[in-house]
Amino acid sequence: MFPFDSKGHPVVQDVPIGLDARGTREEFDSMGTVDVPADKYYGAQTERSLVHFSIGGDRMPKAVYHAYGVVKKACAMVNQAEGRLPDWKAEAIIRAADETIMGKLDEHYPLFVWQTGSGTQSNMNVNEVLSNRAIQLLGGTLGSQKPVAPNDDVNMGQSSNDTFPTAMHVAAVEAIDARLLPELDRLATAIEARANRWMGVIKTGRTHLEDATPLTVGQEWSGYAAQIRAAIEAVEASKAGLYELAVGATAVGTGLNAPKGFSKAVAAKIAELTGKPFVTAPNKFMAQGSLDAMVRTSAALRGLAVALMKVANDMRWLASGPRCGLGELKLPENEPGSSIMPGKVNPTQCEAIIMIAIQVIGEDTAVAFAGSQGNFELNAMRPIIIDNVLHMMGILADGAEKFRMFSVEGTELDEERIGSYVGRSLMVVTALSPVIGYQKAAHIAEKAQAEGTTLREAALKSGNVDAATFDKVCNPKIMVGVGVAGA
């Protein structure tokens with residue numbers, strides 16, 4: 001045991017992280033004793049989970065544990081401030097929680113996603129690690145649960161049922177703000193730059209995959225940017241539900257064993273620690289019996305995936321060729337595209353984005369299904385939801401970054417080909433409808449197509465319009481509307 005202070009309390013020491021031990025040590029829980037690896041901080045319940053739920057290779061995301069560190073730190077600080085934890089004990093727990101937040105204890109959080117649906121085993125994993133690390137800092141014996149107990153001290157005033165969804169919300173908000181939204185903003189900005197640059201380049205529009213009236217490349221790309229911006233707004237809006245925290249509700253939402261005012265105090269402390277506007281959930285029964293806020297966030301991610309798929313699909317089709325496709329866009333040539341066809345280059349970044357979108361849509365389906373499985377006072381499908389939501393955010397953020405860097409920012413136009421399409425388009429005839437009527441205009445287009453002539457030739461041959469009128473009305477610069485210099 002390390003030195004005591006003048007009041008006989010243990011003093012927290014600067015002990016490096018790590019356990020220089022081999023073999024196993026004996027830990028215990030309410031069911032009895034369990035041998036755990038001697039070089040790990042976790043205890044009996046974590047080891048039981050590793051035995052019973054070693055399913056697949058899917059581990060609980062470390063971001064959940066980092067967020068749990070914030071939750072446990074906030075609870076310890078509130079319990080300390082209100083006199084339920086002595087300063088020396090709270091200090092040790094807070095030190096261990098800080099190490100968890102910073103990822104310094106990641107190797108001691110090994111549990112699988114496929115575990116109890118309430119997240120109890122992950123909560124106990126955190127409680128055990130913080131307990132043993134605090135004991136080490138205070139000079140005690142690991143596994144003794146003295147002078148810091150995982151349930152009575154680290155978990156004071158808490159339940160897995162309220163802290164796990166709280167950690168879910170904290171982890172999700174951090175992932176949205178730290179990586180996802182910044183990358184999406186950079187992508188939207190890059191697309192907007194291309195849209196502004198190409199606002200004066202007239203091209204043939206396409207609807208139903210067929211030729212349509214003209215627009216500009218910039219107008220087309222402004223639509224892409226607007227889709228991404230709208231998706232950003234939806235993700236941003238979904239955070240409102242995530243800001244509401246279940247902590248303080250304990251087992252079923254009544255707050256049993258939590259001190260009066262604990263929920264508000266802890267939520268305020270989490271807000272202070274993270275700089276995010278977290279608040280206590282106004283209805284704890286909803287906060288624990290459902291996971292609706294996470295479902296809404298997942299739905300926003302699905303909406304983002306849909307928008308990204310539209311942009312990526314358009315780009316790869318518009319770049320198809322280079323000689324036998326549409327060939328309007330020239331995408332960056334990042335790597336060889338074939339092991340057998342020399343010189344072939346493929347739209348790989350677009351393909352990656354489309355696969356990411358497919359994955360996100362599938363994971364969102366799983367989240368929605370899991371979200372529908374709340375029974376009575378608890379939704380016990382939490383691990384699959386937070387795992388999928390964080391995974392979606394991760395691949396969307398990474399995909400947006402690579403798509404921007406290696407596709408959007410290097411994309412150029414084949415203006416000669418774009419111009420040739422405009423010159424050959426029959427749908428310019430649409431501008432004649434108000435002048436000569438829909439039927440006569442349709443017959444002109446049909447005639448030009450059947451005889452392989454230009455639209456102008458067919459129009460003049462019809463006798464329904466003279467050259468001056470045709471040239472004035474069927475002017476693509478006028479047809480594209482605002483946004484084109486000289487239009």
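The structure under discussion appears in the preceding block.
None of the values given here were measured: they were computed from a predicted structure.

Q: Would you mind showing me how to read the nonpolar core here?
A: One recurring pattern in soluble globular proteins is that nonpolar side chains are buried together. In this structure, Leu180, Ile191, Trp221, Ile270, Leu301, Met315 and Phe403 are the most contacted members of the largest nonpolar core, which totals 117 residues. The leading source of residues in this core is helix α6 (residues 160-197), at 16 residues. Not counting the four nearest positions on each side in its chain, methionine 315 is found in contact with Trp221, Leu329, Leu331, Cys350, Phe403, Ser407, Val408 and Thr411. Leu432, Ile436, Ala448 and Phe470 belong to the second largest nonpolar core, which has 15 residues in total.

Q: Explanation requested: empty space enclosed by the protein in the structure shown.
A: Using a probe with the size of a water molecule, rolled over the atoms, empty space left in the structure can be pinpointed. In this structure the tally under the stated criterion is three cavities of 30 Å³ or more. Size it by volume and the largest cavity reaches roughly 60 Å³. Lining the largest cavity are Glu27, Phe28, Gly43, Ala44, Glu128, Ser131, Asn132, Gly143, Ser144, Gln145 and Pro150. Mapped by element, the contributors of at least two residues to the lining of the largest cavity are β1 (24-29) and α4 (120-137). It is α4 that provides the largest number of residues to the lining of the largest cavity, a total of three residues. For the lining of the largest cavity, the residue count by class is three nonpolar, six polar and two charged. In this model, the second largest cavity occupies a volume close to 50 Å³.

Q: Help me out: how do you make sense of the environment of phenylalanine 53 in this one?
A: Tracing the sequence through the fold places phenylalanine 53 in the loop between α1 (44-52) and α2 (62-81). Its relative accessible area of 25% is what places phenylalanine 53 among the partly exposed residues. Phenylalanine 53 sits 22 residues away from methionine 31 along the chain, and the two C-alpha atoms are 17 Å apart.

Q: I keep staring at the layout of surface pockets and nothing clicks. Help me out?
A: By volume, the largest pocket amounts to about 530 Å³. In terms of lining residues, the largest pocket is bounded by 20 residues, among which Ala319, Ser320, Gly321, Pro322 and Val345 are the most central. At the level of secondary structure, the elements contributing two or more residues to the lining of the largest pocket comprise α10 (292-318) and β7 (329-330). Classifying every residue of the lining of the largest pocket gives eight nonpolar, five polar and seven charged. Taken as a whole, the second largest pocket encloses approximately 390 Å³ of empty space. The wall of the second largest pocket is formed by 14 residues, among which Arg206, Leu209, Glu220, Asp314 and Leu318 lie closest to the centre. Across the lining of the second largest pocket, the residue classes break down as six nonpolar, four polar and four charged.

Q: How should I be thinking about the packing of α2 against helix α8 (residues 262-274) in this particular structure?
A: When two helices pack together, their arrangement is given by the angle between their axes and by how far apart the axes lie. Between α2 and α8, the shortest axis-to-axis distance is 9 Å and the interhelical angle comes to 125°. Between α2 and α8, the angle is such that the two are oblique. For the element pair α2 and α8, the recorded crossing hand is right-handed. Two secondary-structure elements touch here, α2 through Val70, Val71, Lys73, Ala74, Cys75, Met77, Val78 and Asn79 and α8 through Phe262, Ala265, Val266, Lys269, Ile270, Leu273 and Thr274.

Q: Looking at this structure, how should I read the packing of α2 against helix α3 (residues 87-101)?
A: For the pair α2 and α3, the least separation of the axes is 8 Å and the interaxial angle reads 165°. By the criterion of interaxial angle, the relationship of α2 to α3 is roughly antiparallel. As α2 packs across α3, the resulting crossing turns out to be left-handed. Counting all contacts with α2, which are made through Tyr65, His66, Gly69, Val70, Lys73, Ala76, Met77 and Gln80, the residues of α3 involved are Asp87, Ala90, Ile93, Ile94, Ala97, Asp98, Thr100 and Ile101. The class makeup of the residues in the contact of α2 with α3 is nine nonpolar, four polar and three charged.

Q: Sorry, what's going on with the environment of valine 435 here?
A: Residue position: valine 435 is located in helix α14 (residues 433-436). Sequence separation between valine 435 and methionine 199 is 236 residues, and the spatial gap between their C-alpha atoms is 28 Å. With residues near it in sequence (within four places) discarded, valine 435 still touches Thr469 and Val473.

Q: Is there a simple way to think about the side chain of lysine 89 in this case?
A: The residue lysine 89 is located in helix α3 in this model. Taking the relative accessible area as the measure of exposure, lysine 89 reaches 13% and is therefore buried. Each residue touching lysine 89, except ones within four places of it in the same chain, is listed here: Pro147, Val148 and Asp153.

Q: Hey, could you run me through the side chain of asparagine 379 in this one?
A: Inspection of the secondary structure assignment puts asparagine 379 in strand β9 (residues 378-379). Here the side chain of asparagine 379 touches alanine 370 through a polar contact of 3.2 Å, landing on its backbone oxygen. With near-sequence residues (within four places) excluded, asparagine 379 lies in contact with Gly117, Gln288, Gly289, Ser290, Leu291, Ala370, Gly371, Gln373 and Gly374.

Q: How should the pattern of salt bridges be read in this particular structure?
A: Where charged atoms from two side chains of opposite charge come close, those side chains can pair. For the structure on display, the rule yields 33 salt bridges. The salt bridge partner of lysine 402 is glutamate 401, with a shortest N-O separation of 2.9 Å. Taking relative accessible area as the criterion, lysine 402 reaches 35% and is therefore assigned partly exposed. Through salt bridges that share partners, Arg179, Glu183, Arg186, Asp398, Glu401, Lys402, Arg404 and Glu409 make up one connected network.

Criteria and cut-off values
Residues numbered from 1 in each chain as written. Predicted model: local features only at pLDDT ≥ 70, side-chain atom pairs only at ≥ 80, totals over all residues. Heavy atoms only, no water. Core = buried A, V, L, I, M, F, W, Y, C linked by side-chain atoms within 4.5 Å. Buried < 20%, exposed > 50% of the residue type's maximum accessible area, 1.4 Å probe, protein only. Helix = DSSP H or I, 4+ residues; strand = E, 2+ residues; numbered from the N terminus. Contact = heavy atoms within 4.5 Å. 1 Å grid on protein atoms, 1.4 Å probe; cavity = no way out; pocket = protein on both sides within 12 Å on 5 of 7 lines; lining within 4 Å. Points joined across faces, edges and corners; volume = space filled by probe spheres on them. Nonpolar A, V, L, I, M, F, W, Y, C, P; charged D, E, K, R; others polar. Axes fitted to C-alpha atoms, helices over the stretch in contact; angles between N-to-C directions. Parallel < 35°, antiparallel > 145°, perpendicular 65-115°, else oblique. Left-handed = near helix turned anticlockwise from the far one by under 90°. Polar contact = N/O pair within 3.5 Å; in protein donor to acceptor, adjacent residues only side chain to side chain. Salt bridge = Lys/Arg side-chain N within 4 Å of Asp/Glu carboxyl O.

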